[in-house]
Amino acid sequence: MESQYYDIGQLASGDAVIVSLSGGAATVHLVDSENFANFKNGANYNYSGGWTDQSSLQLTVPHPGWWHVIVDFGEYRGIVKSHVLVRPGWRN
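A short tour of the structure in this document, coming up. (Residues numbered from 1 in each chain as written. Predicted model: local features only at pLDDT ≥ 70, side-chain atom pairs only at ≥ 80, totals over all residues. Heavy atoms only, no water.)

Adjacent strands of a sheet pair through backbone hydrogen bonds, lying either parallel or antiparallel. Across the sheet, four strands lie side by side as β1-β6-β3-β4; this open sheet has antiparallel pairing. Edge positions in the sheet fall to β1 (3–11) and β4 (48–52), since each of these pairs with one other strand and no more. Pairs of neighbouring strands in the sheet enclose a mean axial angle of 15°, with direction left out of account. Pairing between β1 and strand β6 (residues 65–72): eight bridges, direction antiparallel. Opposite Leu11, over in β6, you have Gly65 as the bridge partner. (Pairing = 2+ DSSP bridges. Helix = DSSP H or I, 4+ residues; strand = E, 2+ residues; numbered from the N terminus. Axes fitted to C-alpha atoms, helices over the stretch in contact; angles between N-to-C directions.)

Now for the environment of Thr60. The residue Thr60 is located in strand β5 (residues 56–60) in this model. Residue Thr60 is classed as partly exposed on the basis of its relative accessible area, which comes to 36%. Linking Thr60 and Thr27, residues 33 residues apart in sequence, is a C-alpha distance of 16 Å. (Buried < 20%, exposed > 50% of the residue type's maximum accessible area, 1.4 Å probe, protein only.)

In short, geometric facts, not functional conclusions.
Okay, structure coming up:
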């Protein structure tokens, strides 16, 4: 699995994380530090997000903490490019 990781830091509940994709689809996971460690260790983990073929995906931070974004390129590895933007206090 080829993935890209973003350490996006301390965020508050309700902050928006916008993941932009170009070149194809990907699986996008927003995880807190505990779940990121579980992911890295091959253990079960909880996340927000999932597979998307949209050029932009907005995820809302469910609780305060240190956050990470995992972008799994799957069959599109080497083709898809990703970018992450955080909007503090942004509401849908």
